[in-house]
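For reference, the chains in residue letters:
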Amino acid sequence: MPRQPRPPSTDADLDVRGAVPSGLSGRLTGVGGDALVHSLTLHGGRVSYRARPVRAAAAVRELIAVDGSALAVTGEAAVVELNPATGRSRPIDLTGPGGPPVAGPRLDPATGELHLVARSPGGDHVHVIVSAGRLTRRSRPLAGARGDVKGLALSRDDLVVVTDGALGVVRRAGEAPITWIPTGAVAPAPVQTYREGDAVVLLALTPSLERWVLRPDSPRMEREVLDAAPRRFARVATGGIPGSLWTTGGHTIGRHDLVGPRSTHRNVSPALAGDFALVPDAARPGAADGWFVGFFHDTTAGTTELRVIDVADPTGPAIAAVTLPRHLAPRTRWAWTPEDGRPPTDP
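We now turn to the structure provided with this report. (Residues numbered from 1 in each chain as written. Predicted model: local features only at pLDDT ≥ 70, side-chain atom pairs only at ≥ 80, totals over all residues. Heavy atoms only, no water.)

### A short note on the pairing of strand S30 (residues 333–338)
For S30, the tally of buried residues reaches 5 of 6 residues, placing the bulk of the element in the interior. When strand S3 (residues 26–31) meets S30, the two strands line up antiparallel, connected through 6 bridges. Within the sheet, the bridge partner assigned to Gly30 lies in S30 and is Trp334. (Buried < 20%, exposed > 50% of the residue type's maximum accessible area, 1.4 Å probe, protein only. Helix = DSSP H or I, 4+ residues; strand = E, 2+ residues; numbered from the N terminus. Pairing = 2+ DSSP bridges.)

Laid out in structure tokens, this is it:
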């Protein structure tokens, strides 16, 4: 087959409708299978857009911001470091002899460590921990997995991994073996895990938003549907035990107050709500202070917008919006890096 031409680079300062808050400064890096790495920089109330051709832009299943760059896990189970300024990419080996990564990475913001699950050539699953700065790594086996591990969630105390139909939980400290519990859920996407007393709680998309509770004296889990509407992307607003969670799916944004619980939906038709970041406001350090910075894709008009919404007013109008120079796929994944280079605290 003839080689497809590379898409052109783009640089543009975008017209802002409304006003970008002065405290909202950083960069969004996005990859969505169009052979481009996209970058939006917010600074001083202005928004600039850059797109660069990149070979690793297809079939990205994970994307996180680490140390000012973006790490993408491709469908071929390879980890690629992306430079949004140049479009250059380079493969990096996070798992070593543990084998290719099958879940993660997840960043522990308290330690700077990256956590992944890899599958060895012999078929065994391994929990790999990469130190801050990526200078060293250590690993331990996750024996007895019932199928392929599809995702992981991390708390201060626990690692939770999910497969089709089962869930494994293990303490991060010590040498205790992993405990496997049947779930009956196919391809769940773990969002966040935390402890309530001795119980381990996992928030997951199935694609409904669900709350799973695992108690140490029970071989079964308690399963509660918090929002039956299908969800695609989810972010926790605060670290530790979450007070609220935001999701997108179809034509709606959802804010879910987990103490209650109660869900509020905002219809954004005709646009499809895509990926987003929750950015805290340093000048308003409360749990509900900050911004929802998300992407909205109108497939009929062929446009993609970036909108900024105050998280304290989830049903109010966007306080700022820009239209991107090109239409992006709703599946495009984004990672936020604040201007100081530190990634935000979210899963």
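### Comments concerning the pattern of salt bridges
This structure, assessed with the given rule, holds 22 salt bridges. Notably, a salt bridge pairs Arg50 with Asp11, separated by 3.0 Å at the nearest N-O pair. Taken together, the positions of Arg50 in strand S5 (residues 46–53) and Asp11 in strand S1 (residues 10–14) put the pair 39 residues apart, joining distant regions of the chain. The exposure class assigned to Arg50 is partly exposed, which follows from its relative accessible area of 31%. Overall, Asp11 belongs to the partly exposed group, its relative accessible area being 48%. Arg223 is paired through a salt bridge with Glu210; the nearest N and O atoms lie 2.5 Å apart. Of the two residues, Arg223 sits in strand S21 (residues 221–227) while Glu210 sits in strand S20 (residues 209–214), which places them 13 residues apart along the sequence. Through salt bridges with shared partners, one network takes in Asp108, Glu113, Arg138 and Arg172. (Salt bridge = Lys/Arg side-chain N within 4 Å of Asp/Glu carboxyl O.)

### Comments concerning the sheet that holds strand S23 (residues 244–249)
With antiparallel pairing, the 4 strands of this open sheet are ordered in space as S22-S23-S24-S25. At either end of the open sheet lies a strand with only one pairing partner, and these are strand S22 (233–236) and strand S25 (262–267). Here the strands of the sheet are splayed against their neighbours by 15 degrees on average, with no regard to which way each runs. Across 6 bridges, S23 lies against strand S24 (residues 252–257) in antiparallel orientation. Paired with Ser244 across the bridge in S24 is Asp257. (Axes fitted to C-alpha atoms, helices over the stretch in contact; angles between N-to-C directions.)

### Side note on the nonpolar core
In this structure, Leu24, Leu28, Leu40, Leu42, Val293, Leu306 and Leu324 are the most contacted members of the largest nonpolar core, which totals 23 residues. Within the residue set of this core, elements represented by two or more residues are strand S4 (36–43), S5, strand S26 (272–280), strand S27 (290–298), strand S28 (303–310), strand S29 (320–323) and S30. The contact partners of Leu40, leaving out residues within four places of it in the chain, are Leu14, Gly26, Arg27, Leu28, Val47, Ser48, Tyr49, Phe295, Leu306, Leu324 and Trp334. (Core = buried A, V, L, I, M, F, W, Y, C linked by side-chain atoms within 4.5 Å. Contact = heavy atoms within 4.5 Å.)

### Details of unusual backbone geometry
Pro105 follows Gly104 through a cis peptide bond whose omega is 10 degrees. Topologically, Pro105 is positioned in strand S10 (residues 101–107). Backbone geometry places Ala35, a non-glycine residue, at a positive phi of 65 degrees. Topologically, Ala35 is positioned in the loop between S3 and S4. Although it is not a glycine, Ala187 sits at a positive phi angle of roughly 55 degrees. Position of Ala187 among the secondary structure elements: in the loop between strand S17 (179–182) and strand S18 (189–196). Assessed through its relative accessible area of 47%, Ala187 is described here as partly exposed.

### Here's the deal with the sheet that holds S21
Sheet architecture is open: 4 strands sit in the order S18-S19-S20-S21, paired in antiparallel fashion. Where the open sheet ends on each side, the last strands, each with one partner, are S18 and S21. The mean inter-strand angle of the sheet, taken between neighbouring strand axes irrespective of direction, is 20 degrees. Here 6 bridges tie strand S19 (residues 199–205) to S20, and the two strands are oriented antiparallel to one another. Each bridged residue has a counterpart across the sheet, and for Leu205 the counterpart in S20 is Leu209.

### Things to note about empty space enclosed by the protein
It is a probe the size of a water molecule, rolled over the atoms, that shows where empty space is left. Per the counting criterion, the structure on display carries 1 cavity of 30 Å³ or more. Taken together, Val20, Leu42, Val47, Leu306, Arg307, Val308, Ala320, Ala321 and Val322 form the lining of the largest cavity. Of all elements in the fold, only S28 and S29 reach the threshold of two or more residues within the lining of the largest cavity. When the residues that make up the lining of the largest cavity are grouped by side-chain class, the tally is 8 nonpolar, no polar and 1 charged. (1 Å grid on protein atoms, 1.4 Å probe; cavity = no way out; pocket = protein on both sides within 12 Å on 5 of 7 lines; lining within 4 Å. Points joined across faces, edges and corners; volume = space filled by probe spheres on them. Nonpolar A, V, L, I, M, F, W, Y, C, P; charged D, E, K, R; others polar.)

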